[in-house]
Every structure is written in structure tokens, then in C-alpha cells.
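Each chain is listed here by its residues.
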Amino acid sequence: LPVKGMEEPVLVSGTDGCGTKVKLAILLDKHDTIGIDAVAMCVNDIICVGAKPLFFLDYIACGKNIPEKIASIVSGVAEGCVQSGAALIGGETAEHPGMMPIDDYDLAGFAVGIVDKKKIIDNTTVEEGDVVIALPSSGVHSNGFSLVRKVFDVENCDLTSPVAELGGKSLGETLLAPTKIYVKPVLALLEEVKVRAISHITGGGFYENIPRSIPDGYGAKIDKSAVKVLPIFDLIAKTGNISERDMFNTFNMGVGMSIVVAKEDADKALEIFKSQGEDAYVIGEIVKSEDKVIL
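Below: a short report on this structure. (Residues numbered from 1 in each chain as written. Predicted model: local features only at pLDDT ≥ 70, side-chain atom pairs only at ≥ 80, totals over all residues. Heavy atoms only, no water.)

Taken as a whole and judged by the stated rule, the model has eleven salt bridges. Across the salt bridge formed by E8 and K117, the nearest N and O atoms sit 3.8 Å from each other. In this pair, E8 is assigned in the segment before β1 (9-17) and K117 in the loop between β4 (105-116) and β5 (131-136), connecting sequence segments 109 residues apart. Residue classification places K117 among the partly exposed positions, given a relative accessible area of 46%. Its salt-bridge partner being R149, residue E155 comes within 3.8 Å of it at the nearest N-O pair. (Salt bridge = Lys/Arg side-chain N within 4 Å of Asp/Glu carboxyl O. Helix = DSSP H or I, 4+ residues; strand = E, 2+ residues; numbered from the N terminus. Buried < 20%, exposed > 50% of the residue type's maximum accessible area, 1.4 Å probe, protein only.)

Below, the structure is given as C-alpha cells:
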């Protein structure tokens with residue numbers, strides 16, 4: 001265990017899957033990136049408390065074990081582990097004939113990380129006037145796909161032709177873009193800046209994820225016009241006639257993580273993220289409020 005220099009090492013674990021995004025991978029017969037999603041959903045959660053990922057295990061349930069397909073899925077898991085600095089130390093592939101259709105599978109996993117107890121990020125240090133920084137997402141990530149599938153009727157729509165609103169990319173390519181892994185840039189930030197809160201914007205969007213990192217009596221006042229909404233979300237809202245409130249309550253809207261730092265540390269935090277290749281930007285501030293999110 002890499003505990004040198006730690007006074008009180010604490011193990012942190014997280015488990016998750018990729019939701020019904022797996023259905024897109026099956027429809028497109030493209031299985032080499034869904035494993036990145038599985039890793040991302042776990043390691044992005046444990047980094048929220050400042051934990052450095054140590055290792056990851058995956059679980060694949062399938063209707064029929066087709067070795068080439070399983071190898072492709074696991075290659076994505078391995079890539080996710082490389083991106084997050086975690087060791088892929090094992091996993092399980094379970095064949096479920098008669099319970100799942102032959103071509104179907106599901107993928108989940110769990111990660112374990114480590115952090116010094118005194119460095120655990122909780123919501124106790126958040127103060128009025130703190131700055132909320134956004135880390136851009138790579139797309140829809142791995143949440144809201146039941147709604148996405150319904151909006152576009154993915155089983156019957158054209159997933160492969162270029163779409164003008166998506167910059168010429170196909171709908172399938174855009175939706176299947178793997179979840180961004182934020183471990184390395186966040187660890188770099190934690191080395192130099194006292195971070196007060198981190199939120200992984202997953203299912204439930206802004207309204208259900210940001211409140212977890214904010215103490216009672218305070219809220220995140222988000223400048224809606226500052227949020228760099230990705231084109232895919234405009235297309236989802238337009239196609240499905242979905243209200244703005246529901247969009248921000250379901251999807252990440254282009255913000256994969258929000259980071260809260262003291263106002264005096266904001267510029268330094270942005271510089272560190274830039275050096276890590278992240279186009280981070282300010283989207284709001286912490287205010288005294290009974291509402292945890294004010295959009």
C-alpha cells in the first residue's frame with residue numbers, strides 16, 4: 001500500500017455501471033469504449049473525496065460469451081485504468097444463457113482508492129463567496145440514456161449518418177463518446193490548492209449532485225449563461241421537447257465535474273487545470289441560501 005507520508009490512511013471505494021448506454025454499444029456493435037465508462041463512473045466518484053484510485057475490478061454479465069467481444073470490452077476497461085492510474089487486478093465474466101439474449105451484456109465494476117484522513121474532502125469548509133469551477137464533460141457520459149433512447153428512438157433511428165447540429169459527427173458516435181476521467185487533473189489540483197468540495201455530475205444533473213457537497217444554509221449560485229452547453233444537449237432538448245429544468249435535472253449539460261475553491265485560489269486552480277489540458281472555467285459562487293442550487 002502506498003501509505004508513505006500518510007498519518008492515517010483511509011480506503012475509499014465506489015461501485016457503478018454504465019446504465020443503458022450499453023444498449024448503444026450493442027446497437028452500434030462497438031464495444032471498445034464502454035469499459036472506459038465503467039471505470040470513469042467509479043473513479044470519478046472516489047476522487048470527489050480526494051482519494052487516489054489504487055485498483056479496479058470489472059463484472060460482465062452476458063447472454064453468450066463471445067471471446068472477441070469480451071476482449072474488446074475489457075480493452076476499454078484497461079484503457080480507463082490507464083487514464084486513472086488504477087491497476088486492473090481482476091474481474092468476472094458471467095454467462096447467463098436463457099436469462100439474457102445472446103447479444104446482450106451488462107457491465108459494472110468497483111474501484112478502491114486511498115486518502116490521508118486529514119485530507120478527506122467533505123463539505124465542512126465551504127464558505128460564502130467560494131468559487132464554483134466547471135470541468136467540461138465529453139458528452140452525455142453515462143447517465144440519462146433511458147431518456148436519450150426514448151427521445152431519439154435509437155432502435156429505429158439513423159445512428160451513423162453525419163448530423164449538422166453535432167458538427168458533422170453521427171448521433172451514435174456522439175452518444176457513445178466515453179465518459180471523461182478527471183482523476184489526474186484533480187489530483188494535480190489537490191497537490192497545490194485546498195479544495196473545498198467536488199461534485200461528479202452524474203444522474204440527476206446539477207440539482208441532485210452539487211447539493212451533496214454543500215453544507216446546509218449554503219447554495220451554489222450558477223450563472224446559467226456561463227455554462228458551455230454541448231450541442232448534443234440542445235439537440236436532446238429540442239427533439240424531445242424537454243424543459244430546461246428537466247435537462248439540468250437529468251444531464252451534465254457539458255459540466256462533468258464542479259470544483260469549489262476559495263475565491264483567492266480560483267485563478268491558481270484554473271492555471272493548474274490548464275496545465276493538465278482541462279479547459280476549466282468559472283460557473284458560479286457559493287451564497288447563503290436554503291436552496292442548494294440556484295440556476
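That shown, we press on.
Residues in a regular strand point their side chains to alternate faces of the sheet. In the sheet, strand β2 (residues 52-62) pairs with β4 via ten bridges, with the strands oriented antiparallel. Residue pairing for β4: P53 is matched across the bridge by G113. Bridge analysis of β2 against strand β3 (residues 87-95) gives eight bridges, and the strand direction is parallel. When the sheet's bridge partners are listed, D58 is paired in β3 with G91. In this fold, the crossover linking β2 to β3 by way of helix α3 (residues 67-84) has right-handed handedness. (Pairing = 2+ DSSP bridges. Right-handed = clockwise from strand over helix to strand, strands pointing away.)

Taken as a whole and judged by the stated rule, the model has zero disulfides. A disulfide-free cysteine, C18 has its sulfur positioned 8.4 Å from the sulfur of C42, the nearest such atom. (Disulfide = S-S within 2.5 Å.)

Moving on: the environment of M100. Mapping M100 onto the fold places it in the loop between β3 and β4. The class for M100 is buried, based on a relative accessible area of 18%. Ignoring sequence-local partners within four residues, the contact set of M100 consists of A61, C62, G63, Y105 and D106. (Contact = heavy atoms within 4.5 Å.)

So, on to the sheet that holds β3. Within a beta sheet, neighbouring strands are joined by backbone hydrogen bonds and run either parallel or antiparallel to one another. Sheet architecture is open: four strands sit in the order β1-β4-β2-β3, paired in mixed fashion. Only two strands of the sheet have a single partner each, and these edge strands are β1 and β3. Strand after strand, the sheet turns through a mean of 15 degrees between neighbouring axes, direction not considered. Summarising the sheet, β1 and β4 pair through nine bridges and their orientation is antiparallel. Bridged to G17 within β4 is A108. (Axes fitted to C-alpha atoms, helices over the stretch in contact; angles between N-to-C directions.)

Bringing the packing of helix α6 (residues 183-192) against helix α10 (residues 266-275) into the picture now. With their axes 9 Å apart at the nearest point, α6 and α10 run at an angle of 140 degrees to one another. Taken together, the axis directions place α6 and α10 in an arrangement best described as oblique. Of the two elements, α6 crosses α10, and the hand of that crossing is right-handed. On α10, the residues touching P185, V186, A188, L189 and E192 of α6 are K268, A269, I272 and F273. (Parallel < 35°, antiparallel > 145°, perpendicular 65-115°, else oblique. Left-handed = near helix turned anticlockwise from the far one by under 90°.)

For any pair of aromatic rings, the description consists of the separation of the ring centres together with the inter-plane angle of the planes. The final tally for this structure, using the stated rule, is two aromatic pairs. Ring geometry for F206 and F248: centres 5.1 Å apart, planes at 85 degrees, overall edge-to-face. Remark: F248 occurs in helix α9 (residues 244-248) and F206 occurs in helix α7 (residues 205-209); sequence separation between them is 42 residues. There is no split in this pair, since F206 and F248 are both buried. For the pair F233 and F251, a centre-to-centre distance of 5.8 Å together with 50 degrees between the ring planes defines the contact as tilted. Linking F233 in helix α8 (residues 231-240) with F251 in the loop between α9 and β8 (255-261), this pair joins segments that are 18 residues apart in sequence. (Phe/Tyr/Trp six-rings, centres within 6.5 Å; stacked < 30°, edge-to-face > 60°.)

With that settled, consider the pairing of β8. Judged by how many residues are buried, β8 sits mostly within the fold: seven of seven residues are covered. Where β5 lies against β8, six bridges are found, and the strand directions are antiparallel. Within β8, the position partnered with V132 by the bridge is V260. Looking at chain direction, strand β6 (residues 195-200) and β8 are connected through five bridges and run antiparallel.

From the geometry alone we can't say anything about function, so treat these as descriptive.
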